[in-house]
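Descriptive analysis of the structure
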Number of protein chains: 2
Amino acid sequence: MNNFTYYTPTKIYFGKGQISHLDELAEFGQRVLLVYGSGSIKRLGIYNEAIKLLNDAGLTVFELSGVEANPKVGLVRNGISLCRENNIDMVLAIGGGSVIDTAKSIAAGTCYEGDVWDLIEDSSKIKNALPILTVLTLSATGSEMNKNAVLTNTDLHVKASMSSDLLKPRISILDPTYTFSVSRIQTAAGTADMISHAFENYFSPIRDSFLSIQFGEAVLRTCFKYGPIALNEPDNYEARANLMWASTNAINGITKSGAEVGWCCHPIEHELSAWYDITHGIGLAIITPRWMKHILNEKTVWKFAEYGRNVWGITGGNDMTVAEESISKTASFFFDELGLPSTLSAVGINDERFELMAESAAPSCQKGLVPLSKEDILEIFRASA
Amino acid sequence: MNNFTYYTPTKIYFGKGQISHLDELAEFGQRVLLVYGSGSIKRLGIYNEAIKLLNDAGLTVFELSGVEANPKVGLVRNGISLCRENNIDMVLAIGGGSVIDTAKSIAAGTCYEGDVWDLIEDSSKIKNALPILTVLTLSATGSEMNKNAVLTNTDLHVKASMSSDLLKPRISILDPTYTFSVSRIQTAAGTADMISHAFENYFSPIRDSFLSIQFGEAVLRTCFKYGPIALNEPDNYEARANLMWASTNAINGITKSGAEVGWCCHPIEHELSAWYDITHGIGLAIITPRWMKHILNEKTVWKFAEYGRNVWGITGGNDMTVAEESISKTASFFFDELGLPSTLSAVGINDERFELMAESAAPSCQKGLVPLSKEDILEIFRASA
């Protein structure tokens, strides 16, 4: 069991109607930048409710809308200008991970003299950030309780993250009813995303971090149980609530305490999103079972067997047959139960950039259960084609 | 799944050598009150190491030692005087739950004009507290990451708690090697204590808080697996580390998110400790299986069956047989595997105060899976005699 630091200072208000706690934002100042996406929060009434609560609390609200999936650094720069021009005290994100990551980047970039992209290249430059608050409307990235913000630079074709304790939200409001209207494909992709986060933490070479391994298995079982229910019954509160809480706990540190984490599928997928702007969770679903097959061998079989027995309840067989069955079940979950696209060609990606992307991802895949070379990643791309 | 607030701002430094982070205390001021117990931290070398680190960081150290099990309000009052006389900036506890709870009470009491016992009677009076820091040397109470401080008033024969977010430690250092020297009986009692915390959160009437129920089961399986190993191999790092992290997570909120928590065994045990000054974990171990048998019925059997199947891996049988077997296994774990005393008479408690104690505990046992009347508690006492 490795040494670790565990630090989750975000105050979570979870459940129906918790948006009422927006009045607490007054403790962080008087001027708030509200960041959101394409306007679904207006259709759902969340926007009006938030504005009323903020105004009643004496806050002045400035707005930045139009955040897209795979959020772009350009909009972040606009947000930073807005904050500086208007002496903004805090940034409130209402949306999913892209909106929250945009808000985080604005919060850090406002307090940094140079260009915000520098903070992606060197997070140690983050010395301060405006307070970050979130109201979550999509269960997926876990950004509501972690220290990361992922941005895409379309000029450079790079999708990468900045990371700092200063980016941990002060307050996050998690109302599962806000996710009732999330589309089938986004629900499926979000579930794949949180599963991948749990996997990145779970497939660790450390065998004796028993408690956190089991926490990870709890998150995984929750996703496998409730993902399909949420698809079929979009307003099933139990399913939406458990998925929302799973998404937060998949990547807030609780499932990796004591582990040695590799975090390999994400860098590979980030190449796909950076070049092809595909939905992150879809890219992860396509890559993950191929990554699993690629790293399964006599040395790693114990971990897959543990996964198969503890998460999928597979009985009988030897370690290798259990491991292989666990990978089949994972693939079947993504492609049959969640109905996600199963190949890169199905999302319009051909092999022309495999070499380029494999070379770019490899340096970020050097830890964990099995470090990956450029050749390894190329094989995973080819198996995913 | 109920609404909940989840807030764990304590920064945890977990693992070997993490005491080096004591230098970070300088951010909280310059004058620290060090609180500890009977001196075992001197024998173990932790005291010297801490003093050196604190002095090197430019801190001036004042001391309050002599904290006993079931910590007394009298010593807390002494500590408050020390803090006021010396303009103390922060309180550092090095020890187990009793030491930490003493430190917390001093931290709150120093910032309160009246007598500190008022804060037990009405925690809303806690409006401020000195920063609290801890170095844990005993895995049991979870006080290192929660908002509670339990004190005993020997004049009133009352053991009760104050509770406030202001009592959550800023930093807690959890080095499992510090627990290698914990005695057999204290290891067993500490394990029983953390199991009871997990039970209090787990035996909830809410069926659909799936993720947090599984988090609770993970904590329980960890205790059942590693408690006996720690007894037999006191310096087994894997066992001590998993127990330590289980003790923290048993009562930091993660296992009760969305649940409706009763918290019944603790008020009953607090009566025993308040009158007879017995070890808290021993009292809990004696009471718990009798409490389980008392509340098992057709309405609650589903929960015990869930417990038996998911935690103990019991297969076959119907809900009631699984439930009964799960209670037998729990009792056997406490009394056979951990070797704890199994009856009240074995710890010198006879029936003369059963009525008095049952009446006193009942008002605190009115929530959860089965609220308990005075008569219920009397029966539990009699079954434990």
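Everything here concerns the structure above.
These notes cover the structure that comes with them. Throughout, residues of each chain are indexed from 1 in the direction in which the sequence is written. Chain A is the first chain written and ligand 1 is the first ligand written, with later ones labelled in order. Local features in this predicted model are restricted to residues of pLDDT 70 or higher, and side-chain atom pairs are both shown and tallied only at a pLDDT of 80 or more, whereas totals for entire chains, interfaces and linings draw on every residue.

1. Examining unusual backbone geometry
- The residue Asn70(A) is not glycine, and still its phi comes out positive at about 50°.
- Helix and strand definitions follow DSSP, with helices as H or I runs of at least four residues and strands as E runs of at least two, each counted in order from the N terminus. Inspection of the secondary structure assignment puts Asn70(A) in the loop between β3 (60-64) and α3 (73-85).
- Any residue whose C-beta has 12 or fewer other C-beta atoms within 10 Å is treated as exposed, any with 20 or more as buried, and any in between as partly exposed, C-beta atoms being built from the backbone. Taking the C-beta count within 10 Å as the criterion, Asn70(A) has 19 such neighbours and is therefore assigned partly exposed.
- At Trp263(B), a position not held by glycine, the phi torsion is positive, near 60°.
- By the secondary structure assignment, Trp263(B) is in the loop between α8 (237-249) and α9 (265-276).
- With 17 C-beta atoms counted inside 10 Å, the residue Trp263(B) sits in the partly exposed group.

2. Focus on the sheet that holds strand β2 (residues 31-35) of chain A
- Across the sheet, twelve strands lie side by side as β3(A)-β2(A)-β4(A)-β5(A)-β8(A)-β1(A)-β1(B)-β8(B)-β5(B)-β4(B)-β2(B)-β3(B); this open sheet has mixed pairing. Each having just a single partner strand, β3 of chain A together with β3 (60-64) of chain B make up the two edges of the open sheet. For this sheet the average axis-to-axis angle between neighbouring strands, irrespective of direction, equals 25°.
- Pairing of strand β2 (residues 31-35) of chain B with β3(B) involves five bridges; the strand directions are parallel. The residue of β3(B) that forms the bridge with Arg31(B) is Thr60(B). Between any two strands, at least two bridges found by DSSP are needed for them to pair. Interaxial angles span 0 to 180 degrees and are taken between N-to-C directions of axes, which are lines fitted to C-alpha atoms, for helices over the stretch in contact.

3. A few points about helix α12 (residues 319-337) of chain B
Residues and elements named next belong to chain B.
- To estimate the expected span of a helix, count its residues, drop one, and scale the result by 1.5 Å. Look at α12: 25 Å from first C-alpha to last across 19 residues, which is about the 27 Å you get at 1.5 Å a residue.
- The complete set of buried residues in α12 reads Val322, Ala323, Ser326, Lys329, Thr330, Phe333 and Phe334. Projected down its long axis, α12 shows its buried positions confined to an angular sector of 125°, all on one face.
- Think of it this way: build a C-beta for each residue from its backbone, and any pair within 7 Å is a contact. Check the buried side of α12 and you find it contacts α6 (184-202), α7 (210-232), α10 (280-295) and α11 (301-311).
- Once α12 ends, the next one or two residues include Gly339, with phi positive near 70°. Summarising the geometry, the arc corresponds to the directions from the helix axis toward the C-beta atoms.

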